[in-house]
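Structural overview for review
Letter by letter, the chains look like this.
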Amino acid sequence: MVTPQAIENRLAILSKEIDEAHDYLEQAEHAYHKAKASYEIEMAHCRMKLSTEKMRVQDVQDTALIYCAEHYKALNVAEATVKAARANATRIRTQVDIARSIGTSVRASLEI
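Anyway, here's the lowdown on the structure attached to this text. (Residues numbered from 1 in each chain as written. Predicted model: local features only at pLDDT ≥ 70, side-chain atom pairs only at ≥ 80, totals over all residues. Heavy atoms only, no water.)

1. Quick look at a negative patch on the surface
Selection criterion: Patches here: salt-bridge-free residues with over 30% relative accessible area, like charges joined within 9 Å, nonpolar side chains (Val, Leu, Ile, Met, Phe, Trp, Tyr) joined within 5 Å. What sets the accessible areas is the Shrake-Rupley method with a 1.4 Å probe; for residues, cover comes only from the shown protein chains. The term salt bridge refers to a pairing of a side-chain nitrogen on Lys or Arg with a carboxyl oxygen on Asp or Glu at a separation within 4 Å. In summary, the charge assignment counts Lys and Arg as positive and Asp and Glu as negative, without counting His or the chain termini. Where a charge sits is defined by one atom per residue type, namely NZ (Lys), CZ (Arg), CG (Asp) or CD (Glu). Numbered from the N terminus, helices here are DSSP runs of H or I no shorter than four residues, and strands are runs of E no shorter than two. Note on exposure labels: buried denotes an accessible area under 20% of the residue type's maximum, exposed denotes more than 50%, and partly exposed covers the range between, all computed with a 1.4 Å probe on protein chains only.
Together, Asp19, Glu20, Asp23 and Glu26 make up a negatively charged patch on the protein surface. Topologically, glutamate 20 is positioned in helix α1 (residues 4-50). Among the residues examined, glutamate 20 registers a relative accessible area of 54% and is labelled exposed.

What follows is the structure, encoded as structure tokens:
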């Protein structure tokens, strides 16, 4: 049988998980913005180097992307990490909502 105490214990655990997930999300956001800035700066440098050559705009963009491939990969990994961290935080919040609903139901059934 589910008791109010068990639900309170679960909510306390979920509260800690939310704090940890928030901290991780904050770190992931920081890494993402750092990677994005690094990528954009490197792309600008590459485009400036290539601007002296006679190339189409798309060719300049493609060549710059090839030169900045590692920065681009790091940016995409950071973006995926942020998305996963946000999804995890949402999952934990959903579990909290479910636990609260169960707690309300248990308390109501105990009063009957």
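2. A short note on the pattern of salt bridges
According to the stated counting rule, one finds four salt bridges in the structure shown. Residues arginine 56 and aspartate 59 are paired through a salt bridge, measuring 3.0 Å at the closest nitrogen-oxygen approach. Judged by relative accessible area, arginine 56 falls into the exposed class, the value being 56%. Look at aspartate 59 and you get partly exposed, because its relative accessible area is 26%. Between glutamate 70 and lysine 73 there is a salt bridge; the shortest N-O distance is 3.5 Å. One end of the pair is glutamate 70 and the other is lysine 73, both in helix α3 (residues 69-111) and three residues apart, which spans about a single turn. A relative accessible area of 58% means that glutamate 70 is categorised as exposed. Owing to a relative accessible area of 48%, lysine 73 belongs among the partly exposed residues under this scheme.

3. Concerning the nonpolar core
Operational definition: For our purposes a nonpolar core is just a set of buried Ala, Val, Leu, Ile, Met, Phe, Trp, Tyr and Cys residues, chained together by side-chain atoms within 4.5 Å. We call two residues contacting when some pair of their heavy atoms lies within 4.5 Å.
With 15 residues, the main nonpolar core has Tyr32, Tyr39, Met43, Ala64, Cys68, Leu75 and Val82 as its most contacted residues. Listed by contribution, the elements that provide at least two residues to this core are α1, α2 (57-67) and α3. Tallying contributions element by element places α1 first for this core, with eight residues. If near-sequence neighbours (up to four positions away) are discounted, leucine 75 is found in contact with Tyr32, Ala35, Lys36 and Tyr39. Counting residues in hydrophobic clusters, the runner-up holds six residues, among them Leu14, Ala21, Ile92 and Ala99.

4. Section: a nonpolar patch on the surface
A cluster of nonpolar side chains, namely Val2, Ile98 and Ile102, defines an oily patch on the protein surface of about 240 Å² accessible area. Secondary-structure assignment places isoleucine 102 in helix α3. Classification of isoleucine 102 by relative accessible area gives partly exposed; the value is 38%.

5. Overview of the environment of aspartate 59
Topologically, aspartate 59 is positioned in helix α2. Linking aspartate 59 and alanine 85, residues 26 residues apart in sequence, is a C-alpha distance of 35 Å.

6. Some words on the state of the cysteines
For the record, the criterion: When two cysteine sulfur atoms lie within 2.5 Å, the pair is treated as a disulfide.
Within the structure shown, the criterion is met by zero disulfides. There is no disulfide at cysteine 46, and the cysteine sulfur nearest it, in cysteine 68, is 3.4 Å away. Owing to a relative accessible area of 1%, cysteine 68 belongs among the buried residues under this scheme.

Function-wise, these values are silent; they only describe arrangement.
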